[in-house]
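Structural features, examined
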Amino acid sequence: KQEVTQIPAALSVPEGENLVLNCSFTDSAIYNLQWFRQDPGKGLTSLLLIQSSQREQTSGRLNASLDKSSGRSTLYIAASQPGDSATYLCAVSPLTDSWGKLQFGAGTQVVVTP
Amino acid sequence: EAGVAQSPRYKIIEKRQSVAFWCNPISGHATLYWYQQILGQGPKLLIQFQNNGVVDDSQLPKDRFSAERLKGVDSTLKIQPAKLEDSAVYLCASSPGIGNEQYFGPGTRLTVT
């Protein structure tokens, strides 16, 4: 059974510092991995999607890497800003079982202080 | 392009009552998902539709939860009767097809007292 873990559960950094968020998964048979942002009381906003054949994906200040063999993904946010404060969730779409569904980690709550 | 719409945004009911949530996916998206997110946890898939057919409902508590997607567009999720442990945010998502990027609605926050 696929397990997705995000450590740490919470993180606080001063503005301008780079953010590094970790995601690990137990079964490397994945179709893709997606990173989301969730603001309090809101739904999820998709940040980046990495296909299983890709090693990384970039969008603006965000960069996500994927190492399937070790079951890890890392989301980097450069030069953090107070507006980056949110909960960040990673999710994998398994190749087996019913593919397409997402299995989520519990998220990392990020606070960027001015 | 309009996003995924959900209503209501908030609902408070007493245990043993029934409740229904509505979702309108992004136009043209064939795949629709309902997730349950309990406070402090990541979302958990309840049911997945491809057009108006069910792809996966293995984690749907079928004794009390039901969902339908008539005509392959809008969807309704119902809980009857509700229990205290059903208090959660219910998220609807859609994607162009299975395995594509998923887009989420704002969610419905359910409180069962």
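Residues numbered from 1 in each chain as written. Chains lettered and ligands numbered in written order. Predicted model: local features only at pLDDT ≥ 70, side-chain atom pairs only at ≥ 80, totals over all residues. Heavy atoms only, no water.

1. A closer look at the side chain of Q6 of chain A
Residues and elements named next belong to chain A. Summarising the element assignment, Q6 is placed in the loop between β1 (4-5) and β2 (10-14). We classify Q6 as buried; its relative accessible area is 8%. Of the polar contacts made by the side chain of Q6, one reaches the backbone oxygen of Y88; its length is 3.0 Å. Apart from the residues lying within four places of it in its own chain, the contact partners of Q6 are N22, C23, W35, Y88, L89, C90, G105, A106, G107 and T108. (Helix = DSSP H or I, 4+ residues; strand = E, 2+ residues; numbered from the N terminus. Buried < 20%, exposed > 50% of the residue type's maximum accessible area, 1.4 Å probe, protein only. Polar contact = N/O pair within 3.5 Å; in protein donor to acceptor, adjacent residues only side chain to side chain. Contact = heavy atoms within 4.5 Å.)

2. Some points on the interface of chain A and chain B
At the interface, 20 residues of chain A touch 22 residues of chain B. Taking both sides of the interface into account, the surface hidden between chain A and chain B amounts to around 1,500 Å²; carbon and sulfur atoms contribute 51%. Counting across the interface, chain A meets chain B through one salt bridge. A salt bridge links D56 of chain B to K101 of chain A; its shortest N-O distance comes to 3.6 Å. Those elements that provide at least two residues to the side of chain A that touches chain B are β4 (30-38) and β5 (44-51) of chain A. Per-element tally for the side of chain A that touches chain B: the top contributor is β4 of chain A, with five residues. Its residues placed into classes, the side of chain A that touches chain B shows nine nonpolar, nine polar and two charged. (Buried area = accessible area lost by both parts, 1.4 Å probe. Salt bridge = Lys/Arg side-chain N within 4 Å of Asp/Glu carboxyl O. Nonpolar A, V, L, I, M, F, W, Y, C, P; charged D, E, K, R; others polar.)

3. Notes on the side chain of K101 of chain A
You can see K101 of chain A is positioned in the loop between β9 (86-94) and β10 (103-104). The residues contacting K101 of chain A, other than those within four sequence positions of it, are V92, S93 and P94 of chain A together with Y33, Y35, L45, Q48, D56, Q59 and Q102 of chain B.

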